[in-house]
Amino acid sequence: MSIIRLIILFSFVFFFFSCSQRSEIFMVAASMNNLMTDIQSENPQFKDIPISYGGSISIVRRIENNKKGVGAVLLSSEESFDILDKLAYLDNELSYTFASNSLVLIGKTNKRIKVTKDIESIEKKIVIADPKIAPAGVYSLQSLGSLNQEFLDENVIFAGDVSSVVGSVKNNINFVGIVYKTDAISHNLEVLFEFPTNSHDKILYKLGVLKNSSEDSILKYVEFLKSSFVKQKLVDHGYLVE
């Protein structure tokens, strides 16, 4: 085999090896999109970290079907996180609670909402995340659990993940929506009501690294997410940190 052919063959092998090394992604709850974008914009050393956003439940289903190519996860549901933990997919030494959040009602109305029951009087459709794909939808249904079931059946609309809820409320004055407090802050939305924390499960963001992750850049980024810089960013975006 000629030297030129050897060089070409080596180049192809190196290319495919490099691609496989870069193939691992960081899968993150959609509600953390603005925070991660902010962090990466101020830390260019991490700007090339491949991040894929989606509903936490959808992320777990994707990993259940095929975990290949996933280096780490950041989920907005302890229940979703526990599924991966019970499957023994996660490195327990690298897993931790990243932050917590609260739930708010956004939109516009002339009526004051002091307690959850007042929502029945605003005469608008209530848009929430789809509980089948996003934990925010599960939390939202829990928070509305004290309302009349007939009212809920007639007025609650499912709309994908939290980002879809924000878009729906922005584009239709006849809608109000339930989102994380951090989303209301990042999109500069009017908060009509903050739900009592005891009306829904704790909203915890759990971060975990999959076992045998070989992506060094993701591991470094996960470690950086524990820094004081990131903790301050979390506070700035409205998250609660220990």
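Only a predicted model underlies this, so the values are computations on that prediction, with no experimental measurement involved. (Residues numbered from 1 in each chain as written. Predicted model: local features only at pLDDT ≥ 70, side-chain atom pairs only at ≥ 80, totals over all residues. Heavy atoms only, no water.)

Now, about the nonpolar core: what can you tell me, with residues and values included?
Ranked by internal contacts, the top residues of the largest apolar core, which has 59 residues, are Phe26, Met32, Phe98, Tyr221 and Leu225. Ignoring sequence-local partners within four residues, the contact set of Phe26 consists of Ile49, Pro50, Ile51, Ser52, Ala72, Val73, Leu74, Leu207, Ile218, Tyr221 and Leu225. Core analysis: the next-biggest nonpolar cluster, separate from the first, contains 13 residues, Met27, Leu84, Leu90 and Leu210 among them. (Core = buried A, V, L, I, M, F, W, Y, C linked by side-chain atoms within 4.5 Å. Buried < 20%, exposed > 50% of the residue type's maximum accessible area, 1.4 Å probe, protein only. Contact = heavy atoms within 4.5 Å.)

Any chance you could break down the packing of helix α2 (residues 33-41) against helix α10 (residues 228-236) for me, citing the residues and the numbers?
Helices that pack against each other are described as a pair by the angle of their axes relative to one another and the distance between those axes. Where α2 contacts α10, the axes come no closer than 11 Å and their chain directions differ by 140 degrees. Judged on the interaxial angle alone, α10 and α2 are oblique. Considering the relative orientation of α2 and α10, their crossing is right-handed. For the pair α2 and α10, the contacting residues are Leu35, Asp38 and Ile39 in the first and Val230, Lys233 and Leu234 in the second. Per-class residue counts for the contact of α2 with α10 are four nonpolar, no polar and two charged. (Axes fitted to C-alpha atoms, helices over the stretch in contact; angles between N-to-C directions. Helix = DSSP H or I, 4+ residues; strand = E, 2+ residues; numbered from the N terminus. Parallel < 35°, antiparallel > 145°, perpendicular 65-115°, else oblique. Left-handed = near helix turned anticlockwise from the far one by under 90°. Nonpolar A, V, L, I, M, F, W, Y, C, P; charged D, E, K, R; others polar.)

Explain the pairing of strand β1 (residues 25-29) residue by residue, including any values.
Counting buried positions over the five residues of β1 gives five, a clear majority of the element. Of the pairings in the sheet, the one linking β1 to strand β3 (residues 70-75) comprises four bridges and is parallel in character. Within β3, the position partnered with Met27 by the bridge is Val73. Note that β1 and strand β2 (residues 51-54) share four bridges and pair parallel. Bridged to Met27 within β2 is Ser52. Once you follow β1 into α2 and on to β2, the crossover reads as right-handed. (Pairing = 2+ DSSP bridges. Right-handed = clockwise from strand over helix to strand, strands pointing away.)

So what's going on with the pattern of salt bridges? Residues and values would help.
Applying the stated criterion across every chain, the model contains 10 salt bridges. A single salt-bridge network, built from bridges that share partners, covers Asp38, Glu42 and Lys233. (Salt bridge = Lys/Arg side-chain N within 4 Å of Asp/Glu carboxyl O.)

Provide a residue-level description of the environment of Ser121, including the pertinent values.
Secondary-structure assignment places Ser121 in the loop between β5 (103-106) and β6 (125-128). Each C-alpha atom of the pair Ser121 and Thr197 lies 22 Å from the other, and the pair is 76 residues apart in sequence.

So what's going on with the packing of helix α3 (residues 56-65) against helix α4 (residues 78-86)? Which residues, and what values?
For the pair α3 and α4, interaxial distance at closest approach is 9 Å and the crossing angle is 10 degrees. The angle between α3 and α4 falls in the class roughly parallel. Of the residues in α4, those in contact with Ser56, Ile57, Val60, Ile63 and Glu64 of α3 are Ser80, Ile83 and Leu84. Grouping the amino acids of the contact of α3 with α4 by side-chain chemistry returns five nonpolar, two polar and one charged.

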